[in-house]
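If you want the building blocks of each chain, they are given just below.
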Amino acid sequence: MADLNLPEGASAFLNANGWGGAEIAPLAGDASFRRYFRVRDGARRAVLMDAPPPNENCAAFVAIDTYLAARGISVPQVFASAPEQGLALLEDLGDSMFVRAIEAGADEAALYRAATDVLAHLHAEPMAESVGVHPVGPYAEERMAREVALVLDWHWPELMGGAADDALRAAYAAAWAEVWPLARAHDDRLVQLDYHSPNLMWLPEREGLARVGVLDFQDAMRGPAAYDLVSLIQDPRRDVPAALESELVARYLAARPEFDPGAFAASYAVLGAQRAARILGVFVRLWRRDGKPGYLRHIPRVWSLLDRNLAHPALAPVAGWFDANLPLSARRDFTGAA
């Protein structure tokens, strides 16, 4: 086990929960501090999640997992957990991530329709302020504003050779402040924040909503219903056809007729632009600060997503700022840096 660089206490945790002596192999990580290991013991298999505090919150994962499972969503069953150590032993949902399933011949539209139906189902009810004893905080405008500033913190210096000055930052913040109210078109729903292809599993042996396995939701908050739909469809890692995007938004709204379509469309565009601006900063940060250059290849797609959302009339103030300060002529491809 030592060769695997297992977290401290993992061996004792596995032993205490009936998995002593099991075979352990690392699974691919992600952009977070979390790590995963596949655990095999004869015919049994599980996943060991290492979510080290204080950077990760294992208790939040367990709480949201319980909430989603109670609503018929296929999340990993929690076999055992030690939140104070950041350890959890989870059901293994396999390797059929959406991307792999599609590459293997699964119907892309069918998978995305199923994932859209999961969101429409979850958004039938407003999100409570807590799940059991776990508080579910609001995805507030202040956080959204900090996140869109990441494009100035990390992406701007790479393009312009220096830091953004205070006046430019103030104008940027003011443009976004004009559109934030449009994001909150409806009562708060569950916002999982990372509801997209790397965190969705295709489980065709199950039925209905259960065919979509959902991972990575421990950071869930209360916020605009459109956010996770944007996250699903405007995926920074893969292209979703424009016709399919329109179909999925219409499908979602048909299932949630209480939402005003025009207000939802504006919210969707604001959140799409907000998410793209955040990711433009995050992907450069992952390269510069964390030594993970692989995300740079997705930057052209993220710029395209940002431009698509800025074309909505509701985003005119933000679009004006980008036209004046980061137009197409100012951007560059970072893939050579990787």
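Data block above holds the structure.
What you see as residue numbers is a count from 1 along each chain, following the sequence as written. At least 70 in pLDDT is required for a residue's local features to be given in this predicted model, at least 80 for side-chain atom pairs to be given and counted, and no such filter applies to totals for whole chains, interfaces and linings, which use all residues. As a rule here, side-chain values come from all non-hydrogen atoms in the structure, and water together with hydrogens is ignored.

> I'm lost on the nonpolar core in this one. Help?
Soluble globular proteins: nonpolar side chains tend toward being buried together. With 101 residues, the main nonpolar core has Trp176 and Leu315 as its most contacted residues. Nine residue types can take part in a nonpolar core, namely buried Ala, Val, Leu, Ile, Met, Phe, Trp, Tyr and Cys, and a core is a set of them joined through side-chain atoms within 4.5 Å. Per-residue accessibility, obtained with a 1.4 Å probe over protein chains only, is compared with the maximum for each type, and a residue is labelled buried under 20%, exposed over 50%, and partly exposed between these values. Core analysis: the next-biggest nonpolar cluster, separate from the first, contains 15 residues, Leu6, Ala10, Phe13 and Leu87 among them.

> What am I meant to see in the pairing of strand E5 (residues 87–91) here?
Looking along a regular strand, one sees the side chains alternate between the two faces of the sheet. In terms of residue burial, E5 counts as a mostly covered element, since four of its five residues are buried. What makes two strands pair is DSSP finding at least two bridges between them. Numbering of helices and strands runs from the N terminus; a helix is a DSSP stretch of H or I covering at least four residues, while a strand is a stretch of E covering at least two. Where strand E3 (residues 44–50) lies against E5, five bridges are found, and the strand directions are antiparallel. Each residue of the ladder has a partner; that of leucine 48, found in E5, is leucine 89. Judged from the four bridges that link them, strand E4 (residues 78–82) and E5 form a sheet pairing that is antiparallel. Paired with alanine 82 across the two strands is leucine 87, which belongs to E5. Linking two consecutive strands that pair antiparallel, namely E4 and E5, is a turn of four residues; a positive phi of about 75° is found at glycine 86 within it.

> When you look at the packing of helix H7 (residues 166–183) against helix H12 (residues 316–325) in this model, what are you seeing that I'm missing?
Helix packing geometry: the angle between the two helix axes and the distance between the axes. The geometry of H7 relative to H12 is characterised by a closest axis approach of 7 Å and an angle of 155° between their N-to-C directions. Between H7 and H12, the crossing angle belongs to the class labelled roughly antiparallel. In contact with Leu168, Ala171, Tyr172, Ala175, Trp176, Glu178 and Val179 of H7, H12 contributes Pro317, Val318, Trp321, Phe322 and Asn325. In the scheme used here, Gly and all other residues not listed as nonpolar or charged are polar, with Ala, Val, Leu, Ile, Met, Phe, Trp, Tyr, Cys and Pro taken as nonpolar and Asp, Glu, Lys and Arg as charged. Among the residues making up the contact of H7 with H12, the classes are represented as ten nonpolar, one polar and one charged. Angles shown run from 0 to 180 degrees and are taken between the N-to-C directions of axes, each axis being a line fitted to C-alpha atoms and, for helices, limited to the stretch in contact. Roughly parallel means an angle under 35 degrees; roughly antiparallel means over 145; roughly perpendicular covers 65 to 115; every other angle is labelled oblique. Contacts between residues were defined by any pair of non-hydrogen atoms, one from each residue, lying within 4.5 Å.

> Help me understand the side chain of glutamine 234, please; the structure alone is not making it clear to me.
By the secondary structure assignment, glutamine 234 is in the loop between helix H8 (226–233) and helix H9 (242–255). Given the relative accessible area of 4%, glutamine 234 is considered buried. Here a polar contact is taken to be a pair of N or O atoms separated by no more than 3.5 Å, where protein atoms must pair a possible hydrogen donor with a possible acceptor and residues adjacent in sequence count only if both atoms sit in side chains. Within the local environment of glutamine 234, its side chain forms a polar contact with the side chain of asparagine 309, the two groups lying 2.7 Å apart. What glutamine 234 contacts, discounting residues up to four positions off in sequence, is Glu245, Tyr268, Gly272, Arg275, Leu305, Arg308 and Asn309.

> For this particular structure, what's the right way to read helix H6 (residues 150–160)?
Because each turn of an α-helix spans 3.6 residues, side chains separated by three or four positions in sequence point in the same direction. Every buried residue of H6 is accounted for by Leu150, Val151, Leu152, His155, Trp156, Glu158 and Leu159. For H6, the elements touching its buried residues are helix H5 (141–148), H7, helix H10 (261–288), helix H11 (299–310) and H12. Within two residues after H6, glycine 161 carries a phi angle of roughly 75°, on the positive side.

> What's the story with H9 in this structure? I'm lost.
The first and last C-alpha atoms of H9 sit 20 Å apart over 14 residues, in line with the 20 Å expected at 1.5 Å per residue. Residues of H9 that are buried include every one of Leu244, Glu245, Leu248, Val249, Tyr252 and Leu253, and no others. Contact partners of the buried residues in H9: helix H4 (108–122), H8, H10 and H11. The span you would expect from a helix comes to 1.5 Å times its residue count less one.

> Looking at this structure, I do not really get the pattern of salt bridges. What am I missing?
Pairs may arise between side chains of opposite charge once their charged atoms sit close together. Each salt bridge in this description consists of a side-chain nitrogen of Lys or Arg and a carboxyl oxygen of Asp or Glu lying within 4 Å of one another. Throughout the structure, instances matching the rule amount to 24 salt bridges. Its salt-bridge partner being aspartate 95, residue arginine 38 comes within 3.1 Å of it at the nearest N-O pair. Placement of the pair is arginine 38 in strand E2 (residues 35–41) and aspartate 95 in the loop between E5 and helix H3 (98–103), with a sequence separation of 57 residues. Classification of arginine 38 by relative accessible area gives buried; the value is 9%. Residue aspartate 95 is classed as partly exposed on the basis of its relative accessible area, which comes to 38%. Taken together, the shared-partner salt bridges connect Arg38, Arg45, Asp92 and Asp95 into one network.

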